[in-house]
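Single-letter residue listing:
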Amino acid sequence: MTKLKGILLTQGMHGMISQVEGLAKALDLDFIHEKIELNHFWKLIPPKLTPISESVYKKINHDDFDVIISCGRKSVIPSIHLKNTAKKKVFNIHIQDPKVDLNHFDFIVAPEHDGIEGQNVISTKGAIHYLTESEINENKDYLNSFIKKDERKIWALIMGGPTKYYEYSKENIKAIFENLNNLNKQNNFQLVVIPSMRTPKNIIQYAKDYFGENHTVIETIDKKAYLSALAISEKIVVTCDSSSMISEAALTGKPIYVANISPKKNDKRFQKFRNLFKELNITRILGEEIENWNYQKLDETNRVANIIKQKINS
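In this text, all values refer to a predicted model and were calculated from it rather than measured experimentally.

Criteria and cut-off values
- Residues numbered from 1 in each chain as written.
- Predicted model: local features only at pLDDT ≥ 70, side-chain atom pairs only at ≥ 80, totals over all residues.
- Heavy atoms only, no water.
- Buried < 20%, exposed > 50% of the residue type's maximum accessible area, 1.4 Å probe, protein only.
- Helix = DSSP H or I, 4+ residues; strand = E, 2+ residues; numbered from the N terminus.
- Pairing = 2+ DSSP bridges.
- Right-handed = clockwise from strand over helix to strand, strands pointing away.
- Contact = heavy atoms within 4.5 Å.
- Domains from an automatic or database assignment.
- Buried area = accessible area lost by both parts, 1.4 Å probe.
- Salt bridge = Lys/Arg side-chain N within 4 Å of Asp/Glu carboxyl O.
- Polar contact = N/O pair within 3.5 Å; in protein donor to acceptor, adjacent residues only side chain to side chain.
- Phe/Tyr/Trp six-rings, centres within 6.5 Å; stacked < 30°, edge-to-face > 60°.
- Lys NZ or Arg CZ within 6 Å of the ring centre and 35° of its normal.

Draft legend 1. How the structure looks around the pairing of strand β8 (residues 189-194). Among the 6 residues of β8, 6 are classified as buried, and the element is accordingly described as predominantly covered. Burial along β8 is two-sided: F189, L191 and V193 facing one way and Q190, V192 and I194 facing the other are all buried. As paired elements, strand β7 (residues 153-158) and β8 share 6 bridges and run parallel to each other. Following the sheet pairing, W155 is matched in β8 by L191. Between the parallel elements β7 and β8, the chain passes through helix α4 (residues 170-187) in a crossover that is right-handed. As paired elements, β8 and strand β9 (residues 216-217) share 2 bridges and run parallel to each other. Of the residues in β9, the one forming a bridge with V192 is T216. With respect to chirality, the unit in which β8 leads through helix α5 (residues 201-211) into the neighbouring parallel β9 is right-handed.

Draft legend 2. Main features of unusual backbone geometry. Backbone geometry places D28, a non-glycine residue, at a positive phi of 60 degrees. For D28, a relative accessible area of 41% gives the class partly exposed. Positive phi, normally seen in glycine, also occurs at K99, with a value near 60 degrees. Summarising the element assignment, K99 is placed in the loop between β4 (91-95) and β5 (107-111). Overall, the relative accessible area of 56% leaves K99 in the exposed class.

Draft legend 3. Here's a closer look at the pairing of β7. The element β7 is extensively covered by neighbouring structure, given that 5 of its 6 residues are classed as buried. Across 4 bridges, the pairing between β7 and strand β10 (residues 235-239) is parallel. Paired with L157 across the two strands is V237, which belongs to β10.

Draft legend 4. Spotlight on the side chain of N139. The topology assignment puts N139 in the loop between α3 (133-138) and β7. A relative accessible area of 12% places N139 in the buried class. Contact partners of N139, with chain neighbours within four places excluded, come to K224, L227 and S228.

Draft legend 5. Here's a closer look at the domain arrangement of the protein. Considered domain by domain, the protein is made up of domain 1 (5-125 + 301-313) and domain 2 (133-285). Computed over C-alpha atoms, the centres of domain 1 and domain 2 are 30 Å apart. At the junction of the two partners, domain 1 supplies 8 residues and domain 2 supplies 9 residues. On the domain 1 side of the contact with domain 2, H14, H113 and K125 bury the most area, a combined 68% of that side's loss. In this structure, the connection of domain 1 to domain 2 is made through 1 salt bridge. With a shortest N-O distance of 2.7 Å, D114 and R269 are connected by a salt bridge. Where domain 1 packs against domain 2, one counts 2 residue pairs in polar contact (both at pLDDT 80 or more).

Draft legend 6. The packing of aromatic side chains, seen in detail. For the coordinates displayed, the defined rule picks out 14 aromatic pairs. Between F273 and F277, the ring centres sit 4.5 Å apart and the planes meet at 45 degrees, which makes this aromatic pair tilted. Of this pair, F273 and F277 both sit in helix α8 (residues 268-279), 4 residues apart, which is roughly one turn of the helix. For the pair formed by F273 and F277, the shared burial category is buried. Ring-pair connections join several aromatic residues into one group, and the members of that group are W155, F189, Y257 and W293. In this structure, K170 is placed above the aromatic ring of Y206, and the distance from its NZ or CZ to the ring centre is 4.9 Å.

Quick look at the structure:
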């Protein structure tokens, strides 16, 4: 059977790419990815005040697709316009709240903590993403040449980066490092620090200086190192700024500790997400008593894809 063709629309940020590509792969689409760029002052105007017109965005030279998957504010109008002007029936799916009339889309995929309701809304527990269990397992041995060869258990620290809600100051990061250092004195683990695309270079260097020769700090953006760390770690620590990486870690079924940073502004949405994951027995707060616990591995991407497949094929 011929695969459906998909076009993915994002602003090019890692978290967005992870979500659209994850869903496209779960839907088994033959897809291409287009980075959206808005023209002129439309970059500053919210979608609800923007006309549904090709003049809003830089032309996309691709017109043969069956499914559009978009994520992020800038991709809202292009997704609607491409669907409306397509020469055949096209399904469009938007990930996150588009902040426009939901009926412009066939499906809205949004986390529960966004509080969006509608007949075409599929609510998820956390963010969907592009990781799979098989991919994690395939990269299990990748870190063998990096980590210290000893009998210690591995803990991973997955680091995000500064956002409008959370500041990656030395003071904030030092508090996380000191917490981990104190836990290490009691539990004797080897820490593997994995940065993301958003992690400032000075913070990566600070991690290297702080943890010295006794632990492992990956200094570059390395997806295989990330996957390997998820595979070999006994416990996973993720900074609170990244709902995506906390959701990705939940695919492992392993204990996840969230390293909190005091917010610069009201982070109620993110608190709701973290409270949900705590209620699902997926996470604890870094600094609480160290425990071992189990939970059902969270694979929202495939669950969402199955719902969409049924509706597309009906």
